[in-house]
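# An overview of the molecular structure
Here is what each chain is made of, one letter per residue.
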Amino acid sequence: MSQTYLSLTVDIAEEASEILQDLLHEAGALGLEVRDHEMPIMPGMRIPATGESIVVAYFEDRETAESARDAVAESHPKARITLDEQPQQDWSNEWKSLIKSVQVGRLWVGPPWEAESAPQDKVRIVIEPKMAFGTGDHPTTSLCLAAVDEFMAAHPGASVLDVGTGTGVLAIAAKKLGAGTVVGTDNDPVCVELARENCTDNATPDLDISERELTQVAGTFDLVLANILANTLIELAPLIVAKAKDRLVLAGVLAHQRLDVEAAFRKLGCTVLAGAQQGEWVRIDLKR
Ligand SMILES: C[S@@+](CC[C@H](N)C(=O)[O-])C[C@H]1O[C@@H](n2cnc3c(N)ncnc32)[C@H](O)[C@@H]1O
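Rules used throughout
- Residues numbered from 1 in each chain as written.
- Predicted model: local features only at pLDDT ≥ 70, side-chain atom pairs only at ≥ 80, totals over all residues.
- Heavy atoms only, no water.
- Phe/Tyr/Trp six-rings, centres within 6.5 Å; stacked < 30°, edge-to-face > 60°.
- Helix = DSSP H or I, 4+ residues; strand = E, 2+ residues; numbered from the N terminus.
- Buried < 20%, exposed > 50% of the residue type's maximum accessible area, 1.4 Å probe, protein only.
- Core = buried A, V, L, I, M, F, W, Y, C linked by side-chain atoms within 4.5 Å.
- Contact = heavy atoms within 4.5 Å.
- Salt bridge = Lys/Arg side-chain N within 4 Å of Asp/Glu carboxyl O.
- Near = heavy atom within 4 Å.
- Polar contact = N/O pair within 3.5 Å; in protein donor to acceptor, adjacent residues only side chain to side chain.
- Areas by Shrake-Rupley, 256 points an atom, 1.4 Å probe, with all protein chains shown as cover.
- Nonpolar A, V, L, I, M, F, W, Y, C, P; charged D, E, K, R; others polar.

## A word on the packing of aromatic side chains
- In total, this model carries one aromatic pair according to the counting rule given.
- Ring centres of Y5 and Y58 lie 5.7 Å apart, and the angle between their planes is 55°; this geometry places the pair in the tilted category. Within this pair, whereas Y5 is found in strand β1 (residues 4–13), its partner Y58 is found in strand β3 (residues 52–59), the two being separated by 53 residues in sequence.
- Using a relative accessible area of 6% as the deciding quantity, one classes Y5 as buried.
- We classify Y58 as buried; its relative accessible area is 4%.

## Observations regarding unusual backbone geometry
- At A203, a residue that is not glycine, the phi angle is positive and equals roughly 60°.
- Given a relative accessible area of 64%, A203 falls into the exposed group.

## With respect to the nonpolar core
- Core analysis: the biggest nonpolar cluster contains 32 residues, and I125, L145, M152 and V160 have the highest contact counts within it.
- Elements represented by at least two residues in this core include exactly β5 (102–104), β6 (107–110), α4 (139–154), α5 (169–176), α6 (189–201), β11 (221–227) and β12 (244–254).
- Every residue in contact with I125, bar those within four places of it in the chain, is listed here: L107, W108, V109, G110, V169, I172, A173, K176 and N202.

## Some remarks on the pattern of salt bridges
- On inspection of all chains with the given rule, the structure shows 16 salt bridges.
- Among the ionic pairs, R80 bridges to D11, the shortest N-O distance being 3.6 Å. Residue R80 is found in strand β4 (residues 80–87), and its partner D11 is found in strand β1; the two are separated by 69 residues along the sequence.
- In this structure, R69 and D70 form a salt bridge, with 3.5 Å as the shortest nitrogen-oxygen distance.
- One continuous salt-bridge network, built from bridges that share partners, spans D11, R46, E52 and R80.

## With respect to the site of the ligand
- Not every one of the 16 residues close to the ligand is listed here, only the nearest: T141, G164, D186, N187 and N227.
- Note that an oxygen atom of the ligand is positioned 2.7 Å from one of the side-chain N or O atoms of T141.
- Residue T165 places a main-chain N or O atom 3.4 Å away from a nitrogen atom belonging to the ligand.
- In the complex, the protein chains occlude 84% of the 600 Å² of accessible area that the ligand would expose alone.
- Within the residue set of the shell around the ligand, elements represented by two or more residues are α5 and α7 (230–242).
- Here the residues of the shell around the ligand are counted per class, giving six nonpolar, eight polar and two charged.

Right, dumping it as structure tokens:
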């Protein structure tokens, strides 16, 4: 393991903070710290200027941190960005404290070091935070977990397809809540490898996780989940709908993108159901 870690500190307008956090997650940050005006002022900690937040992202290697810095500079040209190298000694505890377990319906999802304290009456999914998205605590993931919980309660044995599986968290949740066939796909080979590891670690080894494109996935599914970004959902809409028998659950969509995504799926014959929202993130539920 490296003797140092990298911290990327970004001073940014408050309203852009959430989008920046997602960009940093996507760029491979292992943990994030957000300082805004609602948090208590800690001695020695620099506080954000009026109307701004400070987002600190932690990285294990310089190459990933530098490409994240370049991506932030390109998409947020007014942000002030500092990249620092820090000694490693406090690293594990510092970033570990940023990963939170969540409870959604019958599910508990969290990191290994919190598993002991998971409530006994919950279905437990343990995800070691690595380079794939989906530790459970992001609003888009927890919105989908709630939909999986609800759908599986009403449709035991249902088949499930999870497009953009990341850590595999939604696929694992579906299986643990009684799904029949579960297939997960991701176009990132690192995610596929990690999702397979997570399936083994969570005693759901029979999940079919691969890098296959949707055209290569056989059959149709009672529930199709896709927590990807809005533009990708629109692009993949015909392929996603073709795989659905009954229900589709889409996430990764910001409130202002909802109508465009809904329109793309309506055009393909889907009916929009109630859905859900957490902060700026919406979940779109559809019936085929
Ligand atoms: C926001 S993460 C969701 C992870 C997990 N399903 C969750 O809900 O937490 C989106 C995932 O979609 C994958 N992805 C992005 N574009 C994709 C595409 N065109 N086909 C398949 N997977 C894609 C990314 O690699 C990433 O793992």
